[in-house]
Amino acid sequence: MVGKVRDTTNLVPGVVVCLLAAGVSWLVSGAIPGLSALLIAILLGALWRNLLPFPKTLNPGVDFSSVKLLRTGIILLGFQLSLSAILDLGPGVLLVVLLSVTMTFGATLWIGHLMGISLAQRLLIASGFSICGAAAVAATEDTACASKEETATALALVVFFGTLMIPLVPFLGHLLGLPEESLGMWIGGSTHEVAQVVAAGGAVGGGALAVAVTVKLARVLMLAPVIAGITVYMNRHGQARAGKRPPLVPLFVVGFVIAMLIRTAGVLPESVLAVVQVVQTLLLAAAMFALGLGVHFKTLLRVGGRPVILGLLSTLVIMAVSLGGTWVFPPG
């Protein structure tokens, strides 16, 4: 019992630091529209790790934050998803979402295999670029048996390419003459992070923003089946971590689905959902800060250009598939 108390005490400094960094990231993101608190937290963690001394006493709490706080944040993310709102998009738009996620995920795995990139690295990039950015990368890390270096690489790629898409997709949409709601559908169907979708959609207009966020949340819904599918694959092919066989459906994925069903049932008032959203953002930002502390710039430079090229190709695939779907199945 004493040992357990000591272990818990050892967690406190690192967890407190991660939560403080999350608070700072949240405040900055609120002051500067278009900046995601999650991405700010990743950058803060990476900058600290590479520019300043890092006390080893923080390691237990940082490790706890990168796993436990992350999974709790993903469970709370389910409260943003209302099945009724997503189903109201219509079968055509839902088909576009399904094709965008599955084709991007599959193409990323296949292209990465041809390039000789490890399975774990491919899974991280495929999840992040096809579903919901940094949160999907972090959620896939343990299931894919990824190393810290592979996770850091995928997170860096999500930050880089997702940020580029904020001005790029609206610019291309105007160039192609897309109506506002169709452009919103393309933004939501292709852009990596929810915050990036809000920034890009808001720059276009209110109609585009509403469609973009709903389409994006439909993509987030794919997180549960994708993680479950990766888990099944890794178990069947004996690629789970040594001495560890995760359940077919991870518990945090079950919690995510339950939270989504509660939101759909409409039993929680909007005031409660607003508080839950803030807590979810803070927990995910704390986890991203912890993951950012694992980013070593020198290590990333040694990774080479192949993951960067894969990230570029993955981005082009989801942009092309979602654009084609927008033309065939325009919203409304």
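Right, let's walk through the structure included here. What you see is a predicted model, and the numbers here were worked out from it, not measured in a lab. (Residues numbered from 1 in each chain as written. Predicted model: local features only at pLDDT ≥ 70, side-chain atom pairs only at ≥ 80, totals over all residues. Heavy atoms only, no water.)

Quick notes on the overall build of the protein
Applied cut-off: Only DSSP runs of H or I covering at least 4 residues are called helices, and only runs of E covering at least 2 are called strands; the numbering of each starts at the N terminus. Between the two quantities, the radius of gyration covers C-alpha atoms and the globule rule is 2.2 Å times the number of residues to the power 0.38. Here the term buried applies to any residue with accessible area under 20% of the maximum for its type, exposed to any over 50%, and partly exposed to those in between, with areas from a 1.4 Å probe on protein chains only. Contacts between residues were defined by any pair of non-hydrogen atoms, one from each residue, lying within 4.5 Å.
Within the protein, the secondary structure is distributed over 16 helices and 0 strands. Scaling as 2.2 N^0.38, a compact globule of 332 residues should have a C-alpha radius of gyration of about 20 Å, and the protein matches this with 19 Å. Projecting the C-alpha coordinates of the protein onto the three principal axes gives extents of approximately 65 × 50 × 40 Å. For the protein, with 332 residues in total, the buried portion stands at 52%. Look at the contacts in the protein between residues 6 or more apart in sequence, and 80% of them connect residues 24 or more apart.

Let's talk about unusual backbone geometry
Of note in the backbone geometry, cysteine 145 takes a positive phi value of approximately 55 degrees without being a glycine. Structurally, cysteine 145 can be placed in the loop between helix 7 (134–141) and helix 8 (148–175).

Some thoughts on the pattern of salt bridges
In a structure, side chains of opposite charge can pair up when their charged atoms sit close to one another. Put simply, the rule is: One speaks of a salt bridge when a side-chain nitrogen belonging to Lys or Arg is within 4 Å of a carboxyl oxygen belonging to Asp or Glu.
Summed over all chains, the structure comprises 2 salt bridges. Here aspartate 142 makes a salt bridge to arginine 71, at a shortest N to O gap of 3.2 Å. One end of the pair, aspartate 142, is in the loop between helix 7 and helix 8; the other, arginine 71, is in helix 3 (residues 59–77), and 71 residues separate them in sequence. Judged by relative accessible area, which is 26%, arginine 71 ranks as partly exposed. The salt bridge involving glutamate 141 is made with lysine 148; its shortest N-O contact spans 3.5 Å. Accessibility expressed as a relative area gives 46% for lysine 148, which makes it partly exposed.

Some details on the environment of phenylalanine 160
In this structure, phenylalanine 160 sits in helix 8. Residue classification places phenylalanine 160 among the partly exposed positions, given a relative accessible area of 47%. Along the chain, phenylalanine 160 and threonine 57 lie 103 residues apart, while their C-alpha atoms are 31 Å from each other.

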